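Commentary on secondary and tertiary structure
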Amino acid sequence: MTIFSDIWYVAKRELIKFTRARVRFAVNLIQPLIWLGLMGNMMKGMTNAPGIGKMLGTGNYLAFMTPGIIVMTVLFAGAFGGISIVWDRRIGYLEKLMAAPIARGSIAFGKMLSTMLQVGTQVVVVMIIATILGVHIVTGLPGCVVILLIAMVFSLILSGFSLSVSATMKTMETLMALVNLVTLPLMFASSALFPLKVMPGWLAAVAKFNPVTYAVRPMRELTLYGWNWAKMAPSLGIVVGLAIVFLLIAQFTFQRATTE
Amino acid sequence: MSKAIEVEDLVKVYRNGTRAVDGISFSVDEKEIFGFLGPNGAGKSTTIKTLVGLIRATSGTLRLRGVDIHRHPGEIKRQTGYASQETAVDDRLTGWENITLQGHYYHLPSKEIAQRSEEVLKIFDIYERRKDLADSYSGGMLKRIDIALALIHRPAVLFLDEPTLGLDVQTRTMIWSYIDKLRKEYGMTIFITTHYMEEADALCDRVAIIDHGRIQALDRPGVLKQQIGGDIITVRFSASNDGAIPALIEAIQGLTNIKEVGPAQDGIYRIIAVRNGDQLIPKIVELGEQHAVATESIRLRRPSLDDVYLKFTGREMRDEEGSREKIGKNRRTQRRLNR
């Protein structure tokens, strides 16, 4: 099936550039360090108060927060996953791809695959940093692998959204503004950084409709408690379902935007 | 034997209602360099894009080496190479990465990609720099590798959209020699669009002048120029006597081989000769003396495609027009190439 090799070579181009962008990689490394190191320490005072630990489900706020930081990493990196399309369109590379006999669908899928793999490496970095800072993921290495998989599937939702939007955009600035507009509320109106129980009622209600919440939930389960598949299943179902939906939306909008 | 390209009644109306191509027909022979000459917004790029399968024609028949473009897009893509006017080279990849990826987009086996990449990069003299990021290439090199990318699958027909847009004169001449080499050594059919007269003149076997989505004239550059006349003589006269010049003009019209005499601007007269304009010059000066008119300056030139263009479209080639987006795009390309 040539479509798989087409998808791979579209992704490979982005991955070569990813490994070459050392500064970007360093920033990706520093960001979770700041969040975990700074936020984690700031919140330590809070978690020392009696009762809070019970709400979080752990005495270690860092452990509570690690899945949140993982999801945040995916959120930001994924939401920019479509940006390369805007660039490709500007320099005419998109046309060059489309003039070649590759499967049209492989362009959007290839971009999403490359985002997925890039996000994957970043998540691994976050988990390593968290471990160094003393977070113990109770399900061990297998749990880490599952967390990584969830993060990668979750990235499809974001990159799918990002691609759909950028397929019709002419400038990067508009896309960036839009990404910021969407990602920050998604981040804070979710259980990524704070448990739903401590949120005001309306925010907790919003968070229930936020896909971020459902990506965080099974990751947190794996980090703090253990292998409770029954409890994780509904969340996993939502994440996978949404990933498929966004994959299709991206494909559809991309086809539409590039057909004249 | 079938033609390399056959286009019948091509019409393209974009979704926003723009009628970019308005019923054009032409055909291109195998191994011919065929040029589309026209200003921005004339419909050149649209025609090229329908021919390489990037956009669908609204109506019309398009055949490439006898194969219908709409019915067999995959087959067409394997037979055509396309270098857009944007110089679509990824400058954060090396030259080698750019070209090998291109080979994979065309589903060539890895071993063949390596061989052909080397061959193609050598034709365009970029092989030595293959391991450098394209970022560090000059404008001319970028354009060369861009054309090289279009050749990795050995297409029968090569489409070049404004291949020298934004390049300086020397680089442009150099690109021309590479294009010429492709035809001579590889027997390639080349379809080229340009809005540079010299380019059409220097490269193309035949030229179509296109404006407002229609072909206004189509022939060999030499024939097109002949339609204007043999030679163009411009003269400036001066006389103390008011009636002297009109009398002289009348006398000149009486000479043999004169097609047309008329005032051009600020006392300069434009004389179009059927042929042998050089032999007319002494006669004109002599006639002037007989009429007590001094000939201040006199100049003879061969008609250029500029004159042809002027004749068929009624405007100078330099009036650039086009959408704002297009102009912005051209500027960006220019910046990339001129750094």
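Preceding this section is the structure that the text describes.
Source: prediction; values computed, not measured. (Residues numbered from 1 in each chain as written. Chains lettered and ligands numbered in written order. Predicted model: local features only at pLDDT ≥ 70, side-chain atom pairs only at ≥ 80, totals over all residues. Heavy atoms only, no water.)

1. Observations regarding the overall build of chain B
The criterion, for reference: What counts as a helix is a DSSP run of H or I of at least four residues, what counts as a strand is a run of E of at least two, and both are numbered from the N terminus. Relative accessible area decides the class of each residue, using a 1.4 Å probe on protein chains only: under 20% of the type maximum gives buried, over 50% gives exposed, and in between gives partly exposed. Any two residues having at least one pair of non-hydrogen atoms within 4.5 Å are treated as being in contact. Here the Shrake-Rupley method, with its probe set to 1.4 Å, supplies the accessible areas, and only the displayed protein chains count as covering residues. Residues scored as positive are Lys and Arg, those scored as negative are Asp and Glu, and His as well as the terminal groups of each chain are ignored. For charged residues, the charge sits on one atom: NZ in Lys, CZ in Arg, CG in Asp, CD in Glu.
Within chain B one finds 12 helices and 14 strands. Principal axes of the C-alpha set define a box for chain B whose edges measure 80 × 45 × 40 Å. Expressed as a percentage of the 339 residues in chain B, the buried residues total 54%. Sequence-distant contacts in chain B: of pairs separated by 6 or more residues, those separated by 24 or more amount to 71%. Total accessible area on chain B is roughly 15100 Å²; 46% of this is exposed by carbon and sulfur atoms. If the 50 positive side-chain charges of chain B are averaged to one point and the 48 negative ones to another, these points end up 6 Å apart.

2. Things to note about the packing of helix 5 (residues 83-91) of chain A against helix 9 (residues 172-188) of chain A
Geometrically, a packed helix pair is captured by the angle between its two axes and the distance between the axes. Residue and element names in this part refer to chain A. How we decide: Comment: axis = line fitted to C-alpha atoms, over the contacting stretch for helices; angle = value between 0 and 180 degrees taken between N-to-C directions. What sets the label is the angle itself: under 35 degrees gives roughly parallel, over 145 gives roughly antiparallel, 65 to 115 gives roughly perpendicular, and the rest give oblique. Each residue is assigned to one class: nonpolar for Ala, Val, Leu, Ile, Met, Phe, Trp, Tyr, Cys and Pro, charged for Asp, Glu, Lys and Arg, and polar for all the others, Gly among them.
Where helix 5 contacts helix 9, the two axes come as close as 10 Å, and the packing angle between them is 170°. By the angle between their directions, the pair helix 5 and helix 9 is classed as roughly antiparallel. In this structure, helix 5 contributes I83, V86 and W87 to the contact, and helix 9 contributes M172, L175 and M176. Per-class residue counts for the contact of helix 5 with helix 9 are six nonpolar, no polar and no charged.

3. Quick word on the interface of chain A and chain B
To be explicit about the condition: Joining two parts hides part of their accessible area as seen by a 1.4 Å probe, and the buried area is that hidden amount summed over both. For this analysis, a salt bridge means a side-chain nitrogen from Lys or Arg found within 4 Å of a carboxyl oxygen belonging to Asp or Glu. In the analysis that follows, any N or O atom pair within 3.5 Å is treated as a polar contact, provided that within protein one partner can donate a hydrogen and the other can accept it, and provided that, for residues neighboring in sequence, both atoms belong to side chains.
Between chain A and chain B, the contact holds 26 residues from the first and 35 residues from the second. Summing both partners gives a buried area of about 3000 Å² for chain A against chain B, and 53% of it is carried by carbon and sulfur. Per-residue buried area on chain A facing chain B is highest for K96, P101 and E260 of chain A; these three make up 26% of the total on that side. Taken together, the links from chain A to chain B amount to five salt bridges. Ionic pairing is found between E97 of chain B and R20 of chain A, a salt bridge with its closest N-O pair at 2.6 Å. Seen at the junction of chain A and chain B, the total is 14 residue pairs in polar contact (both at pLDDT 80 or more). Elements that contribute at least two residues to the side of chain A that touches chain B include exactly helix 1 (2-20), helix 5 and helix 6 (93-99) of chain A. Looking at which element gives the most residues to the side of chain A that touches chain B, the answer is helix 1 of chain A, with eight residues.

4. Let's talk about the sheet that holds strand 1 (residues 5-13) of chain B
Residues and elements named next belong to chain B. Where we set the bar: In this description, strands pair whenever DSSP reports at least two bridges between them.
Pairing in this open sheet of four strands is antiparallel, and the strands run 2-1-4-5 from one edge to the other. Each end of this open sheet is capped by a strand with a single partner; those strands are strand 2 (19-28) and strand 5 (67-68). By the bridge criterion, five bridges tie strand 1 to strand 4 (residues 59-64) in an arrangement that is antiparallel. Bridge pairing in strand 4 places I5 opposite L64. Along the sheet, helix 1 (residues 44-51) contacts strand 1, strand 2 and strand 4; its crossing angle with strand 2, the most-contacted strand, is approximately 60°.

5. Considering the pattern of salt bridges
For the coordinates displayed, the defined rule picks out 29 salt bridges over all chains. Notably, a salt bridge pairs D90 of chain B with K17 of chain A, separated by 2.7 Å at the nearest N-O pair. With D90 of chain B in the loop between strand 6 (80-83) and helix 3 (95-105) and K17 of chain A in helix 1, the pair connects residues from two separate chains. Accessibility assignment for this pair places D90 of chain B and K17 of chain A in one class, buried. Ionic pairing is found between K231 of chain A and E221 of chain A, a salt bridge with its closest N-O pair at 3.7 Å. Placement of K231 of chain A in helix 12 (residues 229-258) and of E221 of chain A in helix 11 (residues 211-225) is noted, with a sequence separation of 10 residues between them. Taking relative accessible area as the criterion, K231 of chain A reaches 52% and is therefore assigned exposed. Here the residues in one salt-bridge network are R13, E14, K17, D88 and K111 of chain A together with D90 of chain B, joined through shared partners.

6. What to know about the side chain of K49 of chain B
With respect to the secondary-structure elements, K49 of chain B resides in helix 1. Taking relative accessible area as the criterion, K49 of chain B reaches 19% and is therefore assigned buried. If near-sequence neighbours (up to four positions away) are discounted, K49 of chain B is found in contact with E95 of chain A together with L54, I55 and Y82 of chain B.

7. Observations regarding the layout of surface pockets
All names here are of chain A. Our working definition: Put simply, the grid is 1 Å and covers the protein atoms alone, a cavity is a trapped set of points that fit a 1.4 Å probe, a pocket is an open set with protein on both sides within 12 Å along at least five of seven lines, and lining residues have an atom within 4 Å of a point. Grid points are joined across faces, edges and corners, and a volume is the space filled by probe spheres set on the points.
Quantified by volume, the second largest pocket comes out at close to 670 Å³. Together, 24 residues line the second largest pocket, and R24, A77, F80, I83 and Q118 are the ones closest to its centre. Counting only elements with at least two residues in the lining of the second largest pocket, the list comes to helix 1, helix 2 (22-48), helix 4 (61-79), helix 5, helix 7 (105-132) and helix 9. Of the residues forming the lining of the second largest pocket, the biggest block, six residues, is contributed by helix 7. Along the lines of polarity and charge, the residues of the lining of the second largest pocket split into 10 nonpolar, nine polar and five charged.

8. Looking at the packing of helix 11 of chain A against helix 12 of chain A
Residue and element names in this part refer to chain A. What counts, and what does not: Crossing chirality is assigned from the near helix's rotation relative to the far helix, an anticlockwise turn below a right angle marking it left-handed and a clockwise turn marking it right-handed.
Packing of helix 11 against helix 12 leaves a shortest axis separation of 9 Å and a crossing angle of 140°. Compared by their axis directions, helix 11 and helix 12 come out oblique. Handedness of the crossing formed by helix 11 with helix 12: left-handed. Judged by residue contacts, P211, Y214, A215, R217, P218, E221 and L222 of helix 11 engage K231, M232, S235, L236, I238, V239 and L242 from helix 12.

9. Digging into the nonpolar core
Across soluble globular proteins, nonpolar side chains have a tendency to be buried as a group. Convention followed: Here, the term nonpolar core denotes a set of buried Ala, Val, Leu, Ile, Met, Phe, Trp, Tyr and Cys residues that are joined through side-chain atoms within 4.5 Å.
F154 of chain A together with I5, F26, F124, F159 and F191 of chain B are the most contacted members of the largest nonpolar core, which totals 158 residues. The element best represented in this core is helix 8 (residues 140-166) of chain A, accounting for 13 residues. Every residue in contact with I5 of chain B, bar those within four places of it in the chain, is listed here: F26, S27, V28, L51, R63, V157, F159 and F191 of chain B. Counting residues in each nonpolar core, the second largest holds 17 residues, with I249, I271, A273 and L280 of chain B among its members.

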